[in-house]
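Here are the chains, one letter per residue:
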Amino acid sequence: VIAGHEEVSGYAELVLGVAARHGAGNRVHIIGGFGVGTRGDLYRASDFLVFPADSGNEVFGQVTVEALACGLPVLGTDWDGLKDTIEQGVTGFKVPTYALPRLGRFDGLTQAADEQTTLLLRAQATVIDQKALAAYFAQMLGDSDLRQRMGSAAVDAYRTRFHPETLYPKLIAAFHQQLEAAAEE
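Predicted, not measured: the structure shown is a model, and the values here were computed from it.

**Quick look at the environment of leucine 75**
Right, on to step 1. Position of leucine 75 relative to the elements: it lies in strand E4 (residues 74-77).
Right, on to step 2. Through-space distance from the C-alpha of leucine 75 to that of valine 50 is 4.7 Å; in sequence the pair is 25 residues apart.
Right, on to step 3. With residues near it in sequence (within four places) discarded, leucine 75 still touches Leu49, Val50, Phe51, Phe93, Val95, Leu133, Tyr136, Phe137 and Met140.

What follows is the structure in structure tokens.
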């Protein structure tokens, strides 16, 4: 199951075509346009989350935190907010991810391009280690005990690091520290 809204028109059709050519067309389902309440059901119906984000949009890793809360191990990129939410080998796997040199040149286009165009250009300059992604995917798919252990660790990580009762006081304390530091300047 691939769930989410289609960022690029025609992408879902392309994915379904590739699946069909590889004999998996009847096993790949794309669900889009679902409500927020459906997300938890989709997570709970899954064995693990694959989230190879390659843009600067995912600065916190909300999708991964939602999956952790539902007891799902996560296979994601070692990039932006995801790298801080996935514990390597414990709650999932982080796939090596690299930015091509001179990535900063896209920031100069910001004045001439809208935010989505700039993010698209950055994503195109991001390289995800496809062999590592495939190896981790195969490992997760083939080892139900591993998924079970990681799923249990995922719930624990959510409760101890990301549950609002845990996270909000830390954020508020950090904001107060910043305000105090600014007042001293």
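Next comes the rest of the account.
**Digging into the pattern of salt bridges**
Right, on to step 1. In this structure the tally under the stated criterion is three salt bridges.
Right, on to step 2. Note that arginine 39 is salt-bridged to glutamate 66, the shortest N-O span being 2.8 Å. In this pair, arginine 39 is assigned in helix H2 (residues 36-44) and glutamate 66 in helix H3 (residues 62-69), connecting sequence segments 27 residues apart.
Right, on to step 3. According to the relative accessible area criterion, arginine 39 is partly exposed, its value standing at 26%.

**Focus: the packing of helix H7 (residues 144-162) against helix H8 (residues 164-184)**
Right, on to step 1. Their axes nearest at 5 Å, the elements H7 and H8 cross at an angle of 35°. Facing H7, whose interface residues are Tyr158, Arg159, Thr160, Arg161 and Phe162, H8 presents Pro164, Thr166, Leu167 and Lys170.
Right, on to step 2. The class makeup of the residues in the contact of H7 with H8 is four nonpolar, two polar and three charged.

**Side note on the sheet that holds strand E5 (residues 92-95)**
Right, on to step 1. Read across the sheet, three strands follow the order E3-E4-E5 without closing on themselves; strand pairing throughout is parallel. Unpaired on one side and paired on the other, strand E3 (49-51) and E5 mark the two borders of the sheet. Put simply, the sheet's adjacent strands are angled 10° from each other on average, direction ignored.
Right, on to step 2. Note: E3 against E4, three bridges, orientation parallel. Opposite valine 50, over in E4, you have leucine 75 as the bridge partner.
Right, on to step 3. The strands touched by H3 within the sheet are E3 and E4, with E3 carrying the most contacts at an inclination of about 175°.

**Topic: the nonpolar core**
Right, on to step 1. Leu49, Ala67, Leu68 and Val74 are the most contacted members of the largest nonpolar core, which has 13 residues in total.
Right, on to step 2. For this core, the elements supplying multiple residues, two or more each, are H3 and H7.
Right, on to step 3. Apart from residues lying up to four places away in sequence, valine 74 is in contact with Leu49, Thr64, Ala67, Leu68, Ile86, Thr91, Gly92, Phe93 and Met140.
Right, on to step 4. Counting 11 residues, the second-largest nonpolar core is a separate cluster that includes Leu75, Leu133, Tyr136 and Met140.

**Some remarks on the side chain of threonine 85**
Right, on to step 1. Structurally, threonine 85 can be placed in helix H4 (residues 82-85).
Right, on to step 2. The exposure class of threonine 85 is buried, given its relative accessible area of 1%.
Right, on to step 3. Of note is the side chain of threonine 85, whose polar atom sits 2.7 Å from the side chain of threonine 64.
Right, on to step 4. Once residues lying within four places of it in the same chain are set aside, the contact partners of threonine 85 are Phe60, Gly61, Thr64, Val65, Leu68, Thr91, Arg161 and Phe162.

**A few points about the side chain of threonine 97**
Right, on to step 1. Residue position: threonine 97 is located in strand E6 (residues 97-99).
Right, on to step 2. At 3.4 Å, the side chain of threonine 97 and the backbone nitrogen of aspartate 78 are in polar contact.
Right, on to step 3. A distance of 2.8 Å separates a polar atom in the side chain of threonine 97 from the backbone oxygen of valine 95.
Right, on to step 4. With residues up to four places along the chain from it excluded, the contact list for threonine 97 reads Thr77, Asp78, Trp79, Thr126, Val127 and Ile128.

**Notes on H3**
Right, on to step 1. Along H3, the residues classified as buried are Thr64, Val65, Glu66, Ala67 and Leu68.
Right, on to step 2. In this structure, the buried side of H3 is in contact with H2, E3, E4, H4 and H7.
Right, on to step 3. Of the residues flanking the end of H3, it is glycine 71, one or two places downstream, whose phi is positive at about 80°.

The rules behind the values
Residues numbered from 1 in each chain as written. Predicted model: local features only at pLDDT ≥ 70, side-chain atom pairs only at ≥ 80, totals over all residues. Heavy atoms only, no water. Helix = DSSP H or I, 4+ residues; strand = E, 2+ residues; numbered from the N terminus. Contact = heavy atoms within 4.5 Å. Salt bridge = Lys/Arg side-chain N within 4 Å of Asp/Glu carboxyl O. Buried < 20%, exposed > 50% of the residue type's maximum accessible area, 1.4 Å probe, protein only. Axes fitted to C-alpha atoms, helices over the stretch in contact; angles between N-to-C directions. Nonpolar A, V, L, I, M, F, W, Y, C, P; charged D, E, K, R; others polar. Pairing = 2+ DSSP bridges. Core = buried A, V, L, I, M, F, W, Y, C linked by side-chain atoms within 4.5 Å. Polar contact = N/O pair within 3.5 Å; in protein donor to acceptor, adjacent residues only side chain to side chain.

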